[in-house]
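Each chain, letter by letter, is given below.
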Amino acid sequence: MKKLLAEFFGTFWLVFGGCGSAIFAAAFPEVGIGLLGVSLAFGLTVLTMAYAVGHVSGAHFNPAVSLGLWAGGKFEGKHLLGYIIAQLIGAIAAAGVLYLIISGKSDFTGIGGFAANGYGELSPGGYSMVSVLVAEFVLTMFFLLIILGSTYPKAPKGFAGIAIGLALTLIHLISIPISNTSVNPARSTSQAIFAGADFTAQLWLFWLAPIAGAIVAGLIHKAFFNKE
């Protein structure tokens, strides 16, 4: 139960901090934080919670990460379902709180895209389904390689959270214009539920591509890097 609560709170913080920065602060008149600020916010959510609860649950906060660690032989399959459910509940709860906040704005008329992910017309830069699929696959694969490598027993101790947080920042710097950056099915699901049917119809890609990329990374690590 401690592990599941840790995953709930970690995923909540990731969605609340990352998507919240995109919704409230990215384009705030004159002093908005922009793409760089949102990228940093996502990285900082993972970095801070990795040190807060990483010793409890391993700090996955992402179904793709859990599945990638399982494929890499670093996580027991019997815990997968519980972790993924906890991550989804945490993400959806955070999106609900974000909705409550934004709906209280004096000139509120709707939530718009709500920091949801999309391709085609729903891509911030108008990128195609194939472009988004490739980007999400490659970025998640490298994200897992960084996670698996930085947490390897022979890696420098105590720095994994920094490497992982900075990796997520870099991933967002690359791909916010492409897909609004997912690499996390729980994060995509929570925002799509509130953003509407157009976004939920595209949600399949933001489960398929990150999970496929994560599993490939797990298999690569297991085959080549997890051996002397």
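Shown above is the structure to which this text applies.
Because the structure is a prediction, the values reported are computed rather than measured.

Draft legend 1. Molecular detail of the side chain of asparagine 117. On the secondary structure map, asparagine 117 appears in the loop between helix H4 (80–102) and helix H5 (129–150). A distance of 3.1 Å separates a polar atom in the side chain of asparagine 117 from the backbone oxygen of serine 179. A distance of 3.2 Å separates the side chain of asparagine 117 from the backbone oxygen of asparagine 180, its partner in a polar contact. In this structure, asparagine 117 is in contact with Ser179, Asn180, Thr181, Ser182, Arg187, Ser188, Phe199 and Phe206, ignoring residues within four places of it in sequence.

Draft legend 2. Molecular detail of the nonpolar core. Val15, Phe114 and Phe143 are the most contacted members of the largest nonpolar core, which has 58 residues in total. Of all the secondary structure elements, the ones that give two or more residues to this core are helix H1 (2–25), helix H2 (34–57), helix H3 (63–71), H4, H5, helix H6 (160–179), helix H7 (185–195) and helix H9 (205–225). Here this core takes nine residues from H4, the largest share from any one element. What valine 15 contacts, discounting residues up to four positions off in sequence, is Gly20, Ala91, Ala94, Ala95, Leu98, Arg187, Ser190 and Gln191.

Draft legend 3. Geometry of the layout of surface pockets. There is about 580 Å³ of room inside the largest pocket. Counting only elements with at least two residues in the lining of the largest pocket, the list comes to H1, H2, H3, H5 and H6. For the lining of the largest pocket, the per-class residue count stands at 20 nonpolar, twelve polar and four charged. Counted as a void, the second largest pocket has a volume near 230 Å³. Around the second largest pocket, the lining residues are Ala22, Ile23, Phe24, Ala25, Ala26, Ala27, Phe28, Ile102 and Lys105.

Draft legend 4. The arrangement of the packing of aromatic side chains in detail. Overall, the coordinates contain nine aromatic pairs when judged by the stated rule. Among the aromatic side chains, those forming a connected cluster through ring pairs are Phe8, Phe9, Phe12, Trp13 and Phe16.

Draft legend 5. Inspection of a nonpolar patch on the surface at higher detail. A cluster of nonpolar side chains, namely Met129, Val130, Leu133, Val134, Val138, Phe142, Ile146, Trp204 and Leu208, defines an oily patch on the protein surface of about 760 Å² accessible area. The element contributing the most residues to the nonpolar patch is H5, with seven residues. Among the secondary structure elements, valine 138 is positioned in helix H5. On the basis of relative accessible area, valine 138 is assigned to the partly exposed category, the value being 33%.

Draft legend 6. Region of the structure containing the packing of H5 against H6. Interaxial distance between H5 and H6 falls to 9 Å at its minimum, and their mutual angle equals 175 degrees. What the angle tells us is that H5 and H6 run roughly antiparallel. Mapping the contact onto sequence places Ser131, Val132, Ala135, Glu136, Leu139, Phe143, Ile146, Ile147 and Ser150 in H5 and Ala160, Ala163, Ile164, Ala167, Leu168, Ile171, Ile174, Ser175, Ile178 and Ser179 in H6. Split into classes, the residues belonging to the contact of H5 with H6 amount to 14 nonpolar, four polar and one charged.

Draft legend 7. Local environment of H9. Taking 1.5 Å as the rise per residue, H9 with 21 residues should run 30 Å; its terminal C-alpha atoms sit 29 Å apart, in good agreement. Where H9 is concerned, the buried positions are Leu205, Phe206, Ala209, Pro210, Ile211, Gly213, Ala214, Ala217, Gly218 and His221. Looking at the buried positions of H9, the neighbouring elements they touch are H3, H5, H6 and H7.

Draft legend 8. Structural context of unusual backbone geometry. Within the chain, phenylalanine 114 stands out as a residue other than glycine whose phi angle is a positive 55 degrees. Inspection of the secondary structure puts phenylalanine 114 in the loop between H4 and H5. If you check the backbone angles, threonine 181 has positive phi at about 60 degrees while not being a glycine. Within the secondary structure, threonine 181 is located in the loop between H6 and H7. Residue threonine 181 is classed as buried on the basis of its relative accessible area of 0%.

Draft legend 9. Molecular detail of the side chain of threonine 169. Tracing the backbone through its elements, the reader meets threonine 169 in helix H6. Apart from residues lying up to four places away in sequence, threonine 169 is in contact with Ser39, Leu40 and Gly43.

Draft legend 10. Highlighting the environment of glycine 20. Structurally, glycine 20 can be placed in helix H1. On the basis of relative accessible area, glycine 20 is assigned to the buried category, the value being 7%. Spatially, the C-alpha atom of glycine 20 lies 32 Å from that of glycine 77, the residues being 57 residues apart in sequence. Those residues in contact with glycine 20 that sit more than four places away from it in its chain are Val15, Ala25 and Leu98.

Definitions and limits used
Residues numbered from 1 in each chain as written. Predicted model: local features only at pLDDT ≥ 70, side-chain atom pairs only at ≥ 80, totals over all residues. Heavy atoms only, no water. Helix = DSSP H or I, 4+ residues; strand = E, 2+ residues; numbered from the N terminus. Polar contact = N/O pair within 3.5 Å; in protein donor to acceptor, adjacent residues only side chain to side chain. Contact = heavy atoms within 4.5 Å. Core = buried A, V, L, I, M, F, W, Y, C linked by side-chain atoms within 4.5 Å. Buried < 20%, exposed > 50% of the residue type's maximum accessible area, 1.4 Å probe, protein only. 1 Å grid on protein atoms, 1.4 Å probe; cavity = no way out; pocket = protein on both sides within 12 Å on 5 of 7 lines; lining within 4 Å. Points joined across faces, edges and corners; volume = space filled by probe spheres on them. Nonpolar A, V, L, I, M, F, W, Y, C, P; charged D, E, K, R; others polar. Phe/Tyr/Trp six-rings, centres within 6.5 Å; stacked < 30°, edge-to-face > 60°. Patch = residues over 30% accessible without salt bridge, like charges linked within 9 Å, V, L, I, M, F, W, Y side chains within 5 Å. Areas by Shrake-Rupley, 256 points an atom, 1.4 Å probe, with all protein chains shown as cover. Salt bridge = Lys/Arg side-chain N within 4 Å of Asp/Glu carboxyl O. Axes fitted to C-alpha atoms, helices over the stretch in contact; angles between N-to-C directions. Parallel < 35°, antiparallel > 145°, perpendicular 65-115°, else oblique. Expected span 1.5 Å × (residues − 1).

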